[in-house]
Protein chains: 2
Amino acid sequence: MEGDPALRLRVFDLNCWAIRYLSKRRQERIRLIGDRLCQEGFDLVLLQEVWSEQDYSDLKAKLGGCCPYSHYFRSGVIGSGLCIFSKFPILDTLLYQYSLNGYPYMLQHGDWFCGKSVGLAVINISGIVFNVYVTHLHAEYCREKDAYLPHRVVQAWELLQFIRHTAKAADVVLLGGDLNMHPQDVGIRLLRCWTGLRDAFTETKHFEGCEDGCTLIPNNCFTVNSELQPFPLGIRIDYILYKAGSGFTVRCEELQTTTGTAPGTDIPYSDHEAVMATLHVQRTGQAAGVTPSTAVPALVEVLSEARTEVRVGLQAARRQRYSSGRMALLALLLLLLQAAAALGALAGLAEGQPFPKLSFALLAFLALGVLLLATGLHLFHTIEVKMLQGTEEQMRMALGVLQEHPGRS
Amino acid sequence: MEGDPALRLRVFDLNCWAIRYLSKRRQERIRLIGDRLCQEGFDLVLLQEVWSEQDYSDLKAKLGGCCPYSHYFRSGVIGSGLCIFSKFPILDTLLYQYSLNGYPYMLQHGDWFCGKSVGLAVINISGIVFNVYVTHLHAEYCREKDAYLPHRVVQAWELLQFIRHTAKAADVVLLGGDLNMHPQDVGIRLLRCWTGLRDAFTETKHFEGCEDGCTLIPNNCFTVNSELQPFPLGIRIDYILYKAGSGFTVRCEELQTTTGTAPGTDIPYSDHEAVMATLHVQRTGQAAGVTPSTAVPALVEVLSEARTEVRVGLQAARRQRYSSGRMALLALLLLLLQAAAALGALAGLAEGQPFPKLSFALLAFLALGVLLLATGLHLFHTIEVKMLQGTEEQMRMALGVLQEHPGRS
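Residues numbered from 1 in each chain as written. Chains lettered and ligands numbered in written order. Predicted model: local features only at pLDDT ≥ 70, side-chain atom pairs only at ≥ 80, totals over all residues. Heavy atoms only, no water.

Looking at an unreviewed UniProt entry, one finds chain A named Sphingomyelin phosphodiesterase 2, with Aythya fuligula as its source organism. Check the Sequence similarities (unreviewed entry) section of the UniProt entry for chain A; it says "Belongs to the neutral sphingomyelinase family." UniProt, in its Subcellular location (unreviewed entry) section for chain A, records the words "Membrane". (UniProt positions renumbered as here; feature names shortened; annotations may be inferred.)

**Student:** Which residues make up the sheet that holds strand S5 (residues 90-97) of chain B, and what are the values?
**Tutor:** All names here are of chain B. Overall, mixed pairing links the 6 strands, which are arranged S5-S6-S7-S8-S11-S9 in an open sheet. Edge positions in the sheet fall to S5 and strand S9 (198-199), since each has one partner strand and no second. Across 8 bridges, strand S6 (residues 117-125) lies against strand S7 (residues 128-136) in antiparallel orientation. Bridge pairing links Val-122 to Asn-131 in S7. Relative to S7, helix H3 (residues 149-166) is tilted by about 165 degrees, and along the sheet it contacts S5, S6, S7 and strand S8 (172-178). (Pairing = 2+ DSSP bridges. Helix = DSSP H or I, 4+ residues; strand = E, 2+ residues; numbered from the N terminus. Contact = heavy atoms within 4.5 Å. Axes fitted to C-alpha atoms, helices over the stretch in contact; angles between N-to-C directions.)

**Student:** Quick rundown of the pairing of strand S13 (residues 275-283) of chain A? Include the residues and the values.
**Tutor:** Residue and element names in this part refer to chain A. Where burial is concerned, most of S13 is hidden: 7 out of the 9 residues are buried. As defined by bridge partners, strand S1 (residues 7-18) adjoins S13 across 7 bridges and the pair is classed as antiparallel. Bridged to Leu-9 within S13 is Leu-279. Pairing geometry for strand S12 (residues 248-257) and S13, over 9 bridges, is antiparallel. Directly across from Phe-248, in S13, lies its bridge partner Arg-283. (Buried < 20%, exposed > 50% of the residue type's maximum accessible area, 1.4 Å probe, protein only.)

**Student:** So what about the interface of chain A and chain B? Which residues, and what values?
**Tutor:** How big an interface is tends to be stated in terms of accessible area lost as the parts join. Contact residues are listed per partner, giving 45 residues for chain A and 45 residues for chain B. Regarding the contact of chain A and chain B, the summed buried area is about 4,300 Å², with carbon and sulfur atoms giving 64% of it. Taken as a group, A:Arg74, A:His165 and A:Lys386 account for 16% of the area that chain A buries against chain B, more than any other trio of residues on that side. Taking the shortest distance from any N to any O, the salt bridge between B:Glu53 and A:Lys386 comes out at 3.5 Å. One can count 14 residue pairs in polar contact (both at pLDDT 80 or more) joining chain A with chain B. Going through the elements one at a time, strand S3 (69-72), strand S5 (90-97), strand S6 (117-125), helix H3 (149-166) and helix H7 (357-404) of chain A are the ones with two or more residues in the side of chain A that touches chain B. For the side of chain A that touches chain B, the element with the most residues is H7(A), which contributes 16 residues. For the side of chain A that touches chain B, the class distribution of residues is 22 nonpolar, 14 polar and 9 charged. (Buried area = accessible area lost by both parts, 1.4 Å probe. Salt bridge = Lys/Arg side-chain N within 4 Å of Asp/Glu carboxyl O. Polar contact = N/O pair within 3.5 Å; in protein donor to acceptor, adjacent residues only side chain to side chain. Nonpolar A, V, L, I, M, F, W, Y, C, P; charged D, E, K, R; others polar.)

**Student:** So, the packing of aromatic side chains: which residues are in play, and what are the values?
**Tutor:** Residue and element names in this part refer to chain B. Taken as a whole, this structure holds 22 aromatic pairs over all chains when the rule is applied. Plain terms: the ring middles of Trp-17 and Phe-222 are 5.3 Å apart, the flat faces sit at 50 degrees to each other, and that makes the pair tilted. Of the two residues, Trp-17 is situated in strand S1 (residues 7-18) and Phe-222 in the loop between strand S10 (206-208) and strand S11 (238-244); the sequence distance between them amounts to 205 residues. For the pair formed by Trp-17 and Phe-222, the shared burial category is buried. Arranged with centres 6.1 Å apart and planes meeting at 35 degrees, the rings of Tyr-103 and Tyr-148 form a pair that is tilted. Separated by 45 residues along the polypeptide, Tyr-103 in the loop between S5 and S6 and Tyr-148 in the loop between S7 and H3 bring together distant segments of the chain. Of the two residues, Tyr-103 and Tyr-148, both sit in the buried class. (Phe/Tyr/Trp six-rings, centres within 6.5 Å; stacked < 30°, edge-to-face > 60°.)

**Student:** Could you give me a rundown of the UniProt feature "transmembrane region" (unreviewed entry) in chain A, with the residues and numbers involved?
**Tutor:** All names here are of chain A. UniProt annotation of "transmembrane region" (unreviewed entry) refers to residues 328-348 and 360-380 when read in the numbering used here. Annotated as residues 328-348, this span is 90% helix and 0% strand, and its ends, taken at the C-alpha atoms, are 30 Å apart. Span residues 360-380 is 100% helix and 0% strand, its end C-alpha atoms 30 Å apart.

**Student:** Can you lay out the relation of the copies chain A and chain B for me, pointing to particular residues and giving the numbers?
**Tutor:** Between chain A and chain B, the superposition needs a rotation of 180 degrees and an axial shift of 0.1 Å, giving an RMSD of 0.1 Å. Expressed as a symmetry operation, the mapping of one chain copy onto the other fits a two-fold axis. Considering only C-alpha atoms, the part of chain A nearest the rotation axis is A:Thr166, at 2.2 Å. When the interface residues of chain A are mapped onto chain B, 100% of them again lie at the interface, so the same face is used by both copies. (Least-squares fit on C-alpha atoms with pLDDT ≥ 70 in both.)

**Student:** Hey, could you go over the pattern of salt bridges for me, with residue numbers and the actual values?
**Tutor:** All names here are of chain B. Counting across every chain of the model gives 40 salt bridges over all chains. A salt bridge links Arg-36 to Glu-40; its shortest N-O distance comes to 2.8 Å. Taken together, the positions of Arg-36 and Glu-40, both in helix H1 (residues 26-40) and 4 residues apart, correspond to about one turn of that helix. The class of Arg-36 is buried, set by a relative accessible area of 13%. You can call Glu-40 partly exposed: its relative accessible area is 27%.

**Student:** Give a detailed account of the sheet that holds strand S12 (residues 248-257) of chain B, specifying residues and quantitative values.
**Tutor:** Residue and element names in this part refer to chain B. In space, the 7 strands of this open sheet follow the order S3-S4-S2-S1-S13-S12-S10, with mixed pairing throughout. The open sheet is flanked by strand S3 (69-72) and S10, the only strands paired with a single partner. Within this sheet the neighbouring strands show an average axis-to-axis angle of 20 degrees, counted without direction. Its contacts with the sheet place H1 against S1, strand S2 (44-50) and strand S13 (275-283), and it is angled at close to 175 degrees to S1.

**Student:** Any details on a nonpolar patch on the surface? Residues and values, ideally.
**Tutor:** Residue and element names in this part refer to chain A. A cluster of nonpolar residues, Leu-329, Leu-330, Leu-332, Leu-333 and Leu-336, forms a patch on the protein surface that exposes about 480 Å² of accessible area. Within the secondary structure, Leu-333 is located in helix H6 (residues 296-346). A relative accessible area of 48% means that Leu-333 is categorised as partly exposed. (Patch = residues over 30% accessible without salt bridge, like charges linked within 9 Å, V, L, I, M, F, W, Y side chains within 5 Å. Areas by Shrake-Rupley, 256 points an atom, 1.4 Å probe, with all protein chains shown as cover.)

Rendered as structure tokens:
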């Protein structure tokens, strides 16, 4: 098998920022993205934040010639926003929805409603089995006081577990997406260490694009510059990661990012920059040609760090569960008191009309509203506590296995 | 490698019916289950409906000697109820929560709150990699008019997809659980056809237990006999299924079920009967010793049938989404009308007091309550529609791939 011609694969990844009614110049940008994809003829296109199925259909119609195979991953109220276009037939797909994804009452952030997930497409290219993953993790919003960090770490853990369990028979693993993590953040180190995935930006022979490979840059007219203030060059949160299975090698020959405005127009494709990689895949013919796995101490260190973040989240979730439970109880008590007072008045225990009817009714409705809301919140935070506990336990088990059987990973 | 001694594995599976405050003589039964497991020394114990973590901890303490390794799968408000005990170290776990699982407003059924899932534990026994799955699908309640059938079919589809994608490197696949499906139901045929899993009851050399292998029997004092009326012998809805990977064979030497009352007591272990299998696992040494897969026409037929059920569910979900949306809109209109009337009254357009304040306020609160509830329902049914659509599309893609590449499965 050795000496097989190398397979050259061009991959495109972009967070399209295509939120109906909210994203600026959405339809125009979707058209531009479609045009670019048609011109350049990528083999694989991994998109995020394509929230409108109409946009997906438009892209599908436009890319029918160059990428005739596609899949739109559905989840949550408004979908997962994830889709894949491919030049080669998609044989199978699977969606895994992250168990934690922010809070439904944080309407201004809205991540909860998106059903953030990881989508898997199995694609056979010239007899090589590619497991292609596309994902989008919870956004950061405030780096100094990042309330969503534990949720994002849980998502990174679930992502790596999903990849590890589903990619065992794959010849090549490819992950593209907006991970909402800087290259040195704990979640991405965890993901890379535990899966062996390599970062196209650090591995590439030739890079062209924004400085430091940034994908959220101040030059882009759609980015909120105040958020980027501590990072004058921008930040890198969109990635193409890859790994070769046994008997294969993968190299990144070239990596590019877009640099703000799309050529020939006055607007960028999105508020993120696209990442475009040219990968060379080669059979080595050596069955055990697996790259050496990360050293055990490094695995233990990053996992311990991640576990600490999950524990911090667990404490916060427990506090919120307690507060909402107490609030529900107080509202229930108030309702019971009112019921007793009303019954007392009906039974003629009080003389005349003891309290104004309107205020009494308003108060009862208010108490009922608070009861319902607080009960809902309590249920929500109970689930949150369960999932954080579950992840913490899985991490503890992984640490135990690692220390007992260091050769496993 | 041929001629390796066969591995003999004893597997226990039971839906424990251990719902706090609701299940009769729960703690007593959990003690009995623990005693039986200790006496018999099973290698693998797969339990469902262990909703209380205290019960799990009690079992864990009791089984410390014979099954020192265990895992409790957490999900939903009150957990997944799933746990695994093992004589051999559990190396890794993963939980996949089904995307559809009944309705939150069906409080009397309560399945929605359980976060029904499939749990995977990877266990290495004498160098053989076992992927052990434990699951519990949505209950049936009414066979004649089964409103949950589309959800259960989606769960069966997600279960088989999860198994197919995660079990590719496993030497032996084992699934135990309460599938809430009769042996000829579409969901179980779909699961078996598409994964190649074999039913221990039909494959066993020696069977001992309830007639027809039933696991919900009229003889059990905890079962609701009216539900079993059309089935005088009972029904078989709890299964142990298995499959050998390349280079292995698995045979079921013996299968047993409990038969109502536990020995030496006056009560059964649960409202379900336990299923106990003795499996023989042998290396064949032939790398390609895979059993022939199901014929393509059979795969197509069962998948088409399942797809029809999903479509029926999709229609119903769309109707409910429409009704709840309309209700929310009406409530909003009423609120707006009231607001206009109130503003009119404030501005002095009406003379005197146009309507009694109390009724007016009550009506406004009622409208607000209906608006919130109907909006919540609308969001819920929107998710339901998305997930049913997604499954329908995945099934369509699978049919397409099957017809184009019949050799793939």
